[in-house]
Amino acid sequence: MPPPALRPVRRAVPSDAAALGELDRATWSTLHAVQPRPQPPYAPFFDERHLPQHYLVAEAEAAEEPGRHRLAGYIALRPPTALACNAHVRQIQGLAVAVWARGAGVGRILLRAAVAEARRQGAARITLRVLGHNTPARALYASEGFAVEGVLGGEFFLDGRYADDVLMGRSLTP
């Protein structure tokens, strides 16, 4: 099957909420999630802490629906705190790729778009947190210049096992 035809990454808009919520629930896994599996009634995807401008989305043409583009993935990018002393940092606080779009580079495209957006916003650094057992995500981040900057061993108890919380980051300055 050929890779899905991607549209340029764009900023999310309020009307993306339902599709983003569906994608978030469809991709839930203990590989990356520290919250329990979402159950109905579902909370709104956007709220006072999770605004559309914090999300970049990728749309692609699914092979089973030629000519129709749908949400293929998202990445959340925010300031890590409201403190002025770290306003130069942006943090990736979520990345999801639809099952049907995996293996086509959507995650990498979203990650690169987040780095570009963080630079556009004037950030000097970008960070993220990833579970230690999430080998595919850690490999992607490392291949894009992120380095492990700290590990909180056994920080989470998930699916009957302790999981490390790994902080990764990279500079955005030349």
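Heads up: these notes are all about the structure in this document. (Residues numbered from 1 in each chain as written. Predicted model: local features only at pLDDT ≥ 70, side-chain atom pairs only at ≥ 80, totals over all residues. Heavy atoms only, no water.)

1. Things to note about the nonpolar core
If you look at the biggest cluster of nonpolar residues, it comprises 39 residues, and the most contacted ones within it are L20, Y74, I92, I126, Y141 and F146. Only α1 (17-26), β3 (55-61), β4 (69-78), β5 (89-97), α2 (106-120), β6 (125-131), α3 (135-143) and β8 (161-171) provide two or more residues apiece to this core. The element that contributes the greatest number of residues to this core is α2, accounting for seven residues. With sequence-adjacent residues up to four places away left out, Y74 is seen in contact with L20, L23, D24, F45, Y55, L56, V57, G94, L95, A96 and L110. (Core = buried A, V, L, I, M, F, W, Y, C linked by side-chain atoms within 4.5 Å. Buried < 20%, exposed > 50% of the residue type's maximum accessible area, 1.4 Å probe, protein only. Helix = DSSP H or I, 4+ residues; strand = E, 2+ residues; numbered from the N terminus. Contact = heavy atoms within 4.5 Å.)

2. Looking at the packing of aromatic side chains
Within this structure, the stated rule accounts for seven aromatic pairs. Look at F45 and Y74: their rings are 5.7 Å apart centre to centre, the planes differ by 75°, and that puts the pair in the edge-to-face class. Taken together, the residues F45 in the loop between α1 and β3 and Y74 in strand β4 connect sequence positions 29 residues apart. Here F45 falls in the buried class, since its relative accessible area comes to 13%. Taking relative accessible area as the criterion, Y74 reaches 7% and is therefore assigned buried. Each member of the aromatic cluster is reached from another via a ring pair, and the members are F45, F46, Y55 and Y74. (Phe/Tyr/Trp six-rings, centres within 6.5 Å; stacked < 30°, edge-to-face > 60°.)

3. A few points about α3
Along α3, the positions that sit buried rather than exposed are A137, L140 and Y141. Viewed end-on, α3 has its buried residues packed into an arc of 95°, placing them on one side of the element. On its buried side, α3 packs onto β5, α2, β6 and β8. Taking the backbone nitrogen of A137 as reference, a side-chain oxygen 3.2 Å away marks N134 as the first, capping residue of α3. Phi turns positive one or two residues past the end of α3, at G145, with a value near 95°. (Arc of directions from axis to C-beta. Polar contact = N/O pair within 3.5 Å; in protein donor to acceptor, adjacent residues only side chain to side chain.)

4. Side note on α2
Taking 1.5 Å of rise per residue, the 15 residues of α2 would be expected to cover 21 Å, and the 21 Å separating its terminal C-alpha atoms lies within 8% of that figure. Those residues of α2 not exposed but buried are V106, G107, L110, L111, A113, A114, V115, E117 and A118. After α2 finishes, the residue G122 shows a positive phi value of roughly 90°. (Expected span 1.5 Å × (residues − 1).)

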